[in-house]
Amino acid sequence: MSNFSAFLAENAAKQEVIKYVASKRFFTMVKNEKTGKEEKKFEEWKIGCVTGEEDERIRKSCIKRVQVPGKKNMFQPETDINEYMAKLAAKCTLYPDLNDATLQQSYGVMSAEELLRTMLTPGEYQDYLTKVQEANGFNSMDELVEQAKN
């Protein structure tokens, strides 16, 4: 017989905060205690998870009405996946604070999403988006392919 109480909110395991080095361009110099030499310590970003409700709110904010080709006055909803991923990544980034005015001003941007795109190189940004998806429980296609093979 199942234990229904396992589903209660107070018994559910909390989502872990993931630490991730998004770029090796952000570091501080620290002294190695053993060797006494200065070494780079790469800054770890902290990635959290959104709730299903927050995810739905983000998705809805990224829906646009797009005209159906060849049909006058007929529109269909379309999700801007790039905007969705940028907003999701910005919402899930716990550290650094992407809404910090000083940080945004230093990069000449005015939103958390723009800051993220500006701070990271295109490759770093794509890797970061993948990590954010993993933090939110979205399996990568590679994992799904492996599961299907087995």
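First things first, this report covers the structure right here in the doc. (Residues numbered from 1 in each chain as written. Predicted model: local features only at pLDDT ≥ 70, side-chain atom pairs only at ≥ 80, totals over all residues. Heavy atoms only, no water.)

## Side note on the pattern of salt bridges
The tally for this structure, following the rule as stated, stands at eight salt bridges. Two residues, E53 and R57, come together in a salt bridge whose shortest N-O distance is 3.4 Å. Pair noted here: E53 and R57 are both in helix α1 (residues 52–61), with a separation of four residues, about one helical turn. Classification of E53 as exposed rests on a relative accessible area of 58%. Taking the shortest distance from any N to any O, the salt bridge between E134 and K131 comes out at 3.6 Å. Highlighted residues: E134 and K131, both in helix α5 (residues 122–135), separated by three residues, approximately one helical turn. What makes E134 partly exposed here is its relative accessible area of 36%. A relative accessible area of 23% means that K131 is categorised as partly exposed. (Salt bridge = Lys/Arg side-chain N within 4 Å of Asp/Glu carboxyl O. Helix = DSSP H or I, 4+ residues; strand = E, 2+ residues; numbered from the N terminus. Buried < 20%, exposed > 50% of the residue type's maximum accessible area, 1.4 Å probe, protein only.)

## Notes on α5
For α5, which comprises 14 residues, the first-to-last C-alpha distance of 20 Å matches the rise-based estimate of 20 Å (1.5 Å per residue) to within 8%. Within the span of α5, buried status applies to E124, Y125, Y128, L129, V132 and A135. Taken down its axis, α5 places every buried residue within 140° of arc, on the same side. Just beyond α5, the residue with positive phi is G137, at close to 85°. (Expected span 1.5 Å × (residues − 1). Arc of directions from axis to C-beta.)

## Some remarks on the nonpolar core
With 28 residues, the main nonpolar core has W45, L116, L120 and Y128 as its most contacted residues. Elements with a minimum of two residues in this core: β4 (45–47), α2 (81–92), α4 (112–119) and α5. Considering every element that reaches this core, the biggest residue donor is α2, with seven residues. Not counting residues up to four positions away in its chain, the partners in contact with Y128 are Y20, A22, W45, K46, I47, A89, T93, L116 and L120. (Core = buried A, V, L, I, M, F, W, Y, C linked by side-chain atoms within 4.5 Å. Contact = heavy atoms within 4.5 Å.)

## Details of the sheet that holds strand β7 (residues 93–95)
Reading across the sheet, the three strands line up as β1-β4-β7 and stay open at both edges, with antiparallel pairing between neighbours. Bordering the open sheet on either side are β1 (18–20) and β7, each of which pairs with just one other strand. Taking each pair of neighbouring strands and ignoring which way they run, the sheet shows an average axis angle of 35°. As judged from the two bridges shared by β4 and β7, these two strands associate in the antiparallel manner. Across the sheet, the residue bridging to I47 is T93, located in β7. Each of β1, β4 and β7 is contacted by α5, which is oriented at about 40° to β4, the strand it contacts most. (Pairing = 2+ DSSP bridges. Axes fitted to C-alpha atoms, helices over the stretch in contact; angles between N-to-C directions.)

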